[in-house]
Amino acid sequence: MLKVNPNLDKIEISVIRKIAEACKEYEGGEKPLINLTIGEPDLPQPKIIIDETIGYMKDAKLGYPQLGGMIELREEIGRYYKERYSLNIEPDEIIITVGSTEGLSTAIKTIIMPGDEVLTPLPVYPGYEPLITLAGAKLIKMDTSRDNFELTVDVLKNYVTPQTKAIILNYPSNPSGITISRENRDEILKFVKENHLYIISDEVYSEIIFEGEHNSFLQDGYRENVILINGFSKSHSLTGWRIGYIIASKKMREYLVKVHQYAVTSASIISQKGALIALKECKDISSQVEIYKKRAESVYKKLKEKQISVIKPKGAIYIFVSLDGITKLNSLDFAKSLLEEERVAVVPGIAFGMDNYIRISLVKDEEILNEAIDRFINFVNKKDREYKADPMSRTF
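All of these numbers come straight from a predicted model, not from anything done at the bench.

Trainee: How would you explain the environment of Ile178 if you had to name every residue and give the values?
Mentor: With respect to the helices, strands and loops of the structure, Ile178 is situated in the loop between strand 5 (164-169) and helix 7 (182-194). C-alpha of Ile178 to C-alpha of Phe149: the two residues are 29 residues apart in sequence and 7.0 Å apart in space. Residues contacting Ile178, with those up to four places away along its chain left out, are Asn148, Phe149, Glu150, Tyr171, Pro172, Ser173, Ile311 and Lys312.

Trainee: Residue-level account of the nonpolar core, with values.
Mentor: If you look at the biggest cluster of nonpolar residues, it comprises 81 residues, and the most contacted ones within it are Ile77, Tyr81, Ile188, Phe217, Ile227, Tyr245 and Ile247. Counting residues per element, this core draws most heavily on helix 9 (residues 269-281), at six residues. The residues touching Ile77, leaving out its near neighbours within four places in the chain, are Ile94, Ile96, Tyr245, Ile247 and Leu279. Membership of the second largest hydrophobic core comes to 38 residues, among which are Tyr205, Ala316, Ile319 and Val380.

Trainee: Let's hear about a negative patch on the surface: which residues, and what values?
Mentor: Together, Asp147, Asp154, Glu183 and Glu187 give the surface a local cluster of negative charge. Looking at where Asp154 falls in the secondary structure, it is placed in helix 6 (residues 153-159). Overall, the relative accessible area of 58% leaves Asp154 in the exposed class.

Trainee: How would you sum up unusual backbone geometry? Please name residues and give values.
Mentor: Glycine aside, residues mostly have negative phi, and peptide bonds are mostly found in the trans state. Residue Pro123 follows Leu122 across a cis peptide bond; omega there is -10 degrees. Residue Tyr171 is joined to Pro172 through a cis peptide bond whose omega torsion reads -10 degrees. Mapped onto the elements, Pro172 comes out in the loop between strand 5 and helix 7. Positive phi, normally seen in glycine, also occurs at Thr265, with a value near 70 degrees. Looking at where Thr265 falls in the secondary structure, it is placed in the loop between helix 8 (250-264) and helix 9. Residue class for Thr265 comes out partly exposed when judged on its relative accessible area of 44%.

Trainee: Residues and numbers for the packing of aromatic side chains, please.
Mentor: Under the counting rule described, the total for this entry stands at eleven aromatic pairs. Where Tyr80 meets Tyr81, the ring centres are 5.7 Å apart and the plane angle is 80 degrees; that geometry is what we call edge-to-face. Taken as a pair, Tyr80 and Tyr81 share a single burial class, namely buried. Taking the centre distance of 5.8 Å and the plane angle of 65 degrees together, the rings of Phe334 and Phe376 count as edge-to-face. On the criterion of sequence distance, the pair formed by Phe334 in helix 11 (residues 331-342) and Phe376 in helix 12 (residues 366-382) is long-range, its members being 42 residues apart. A relative accessible area of 0% places Phe334 in the buried class. The class for Phe376 is buried, based on a relative accessible area of 1%. Taken together, Tyr80, Tyr81, Tyr85, Phe232 and Tyr245 form an aromatic cluster joined through their ring pairs.

Criteria and thresholds
- Residues numbered from 1 in each chain as written.
- Predicted model: local features only at pLDDT ≥ 70, side-chain atom pairs only at ≥ 80, totals over all residues.
- Heavy atoms only, no water.
- Helix = DSSP H or I, 4+ residues; strand = E, 2+ residues; numbered from the N terminus.
- Contact = heavy atoms within 4.5 Å.
- Core = buried A, V, L, I, M, F, W, Y, C linked by side-chain atoms within 4.5 Å.
- Buried < 20%, exposed > 50% of the residue type's maximum accessible area, 1.4 Å probe, protein only.
- Patch = residues over 30% accessible without salt bridge, like charges linked within 9 Å, V, L, I, M, F, W, Y side chains within 5 Å.
- Areas by Shrake-Rupley, 256 points an atom, 1.4 Å probe, with all protein chains shown as cover.
- Salt bridge = Lys/Arg side-chain N within 4 Å of Asp/Glu carboxyl O.
- Lys, Arg positive; Asp, Glu negative; His and termini not counted.
- Charge placed at Lys NZ, Arg CZ, Asp CG, Glu CD.
- Phe/Tyr/Trp six-rings, centres within 6.5 Å; stacked < 30°, edge-to-face > 60°.

The structure is reproduced here in structure tokens:
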């Protein structure tokens with residue numbers, strides 16, 4: 001009998017995608033569907049990116065891009081990191097990828113081997129574990145609930161074993177919107193350097209910050225330990241363009257680019273041109289960030305007014321809502337019932353390793369979000385209103 005990689009039997013299509021697909025059954029009808037599942041920005045792609053890219057397509061020969069990405073784009077990314085973080089990033093420390101997901105896949109294939117352990121804090125973006133599993137390794141999820149879901153060195157120390165190879169971090173966090181302080185970042189960097197560990201830092205929401213500043217893990221003195229992943233899907237709404245990048249040390253890039261080349265050859269030259277225009281012409285996205293911040297504040301306020309426990313996001317495009325005290329249903333059944341009865345689609349927390357939460361994507365205008373939250377509250381008021389959860393019953 002023909003066989004495939006046995007690790008494929010251990011993974012499934014993500015719950016997020018399953019819920020999003022289920023929405024099709026509920027389209028139409030008197031009560032319109034409000035889909036708050038996929039984290040796809042609803043804000044328009046900057047017109048200048050579209051217009052100038054079309055012009056480039058008409059005038060240029062669309063041949064194979066340079067291995068690792070067009071030099072102009074890599075140089076522009078380097079300039080951006082110099083301007084934004086005072087870091088000197090050379091073009092031969094950058095790889096242009098087919099979205100940040102390919103960047104993650106390339107990083108994991110490069111450094112993770114069978115039997116390794118990879119750590120990540122809860123709640124965790126569901127795209128990480130399947131990639132780790134396919135590599136024959138194990139993802140260990142760290143409980144950070146006592147620190148408001150922000151990883152600290154004290155928690156990290158409790159999970160590190162001789163098999164630990166890397167830590168995957170995602171700040172601002174999908175799904176919680178939590179950011180990391182400079183103090184915690186610096187302590188974590190020092191710890192991984194002393195213990196010869198890698199950090200894969202998924203910073204795709206780095207430009208969407210509501211409070212303070214983004215504390216990137218890409219810092220001088222720790223470049224050998226850090227592989228940074230970023231992209232243009234969230235910052236510039238370029239989701240369908242599938243364009244991202246990796247930043248790593250020159251030596252690490254030599255390994256990464258081999259995996260990248262034989263997986264995808266290169267990212268589309270058209271998308272690379274769009275990303276270059278985005279960096280040159282659309283650096284200031286403060287108006288977009290302000291829209292997301294206003295949505296987050298509005299949803300947070302409405303939920304808190306109803307005594308519903310919710311994490312206040314400091315960035316990203318999500319609200320993470322606790323189900324404690326409002327239902328006996330697990331998060332998947334809760335999400336299914338909410339979709340069925342109120343035509344509001346959210347992502348169950350089980351997708352992120354936390355079954356007592358749901359994630360709401362802030363990808364609709366404020367009026368629609370308010371309607372969705374009103375329906376959510378109406379649903380909650382009808383279900384198990386006297387239920388009081390035991391905090392010790394949480395499953396992490």
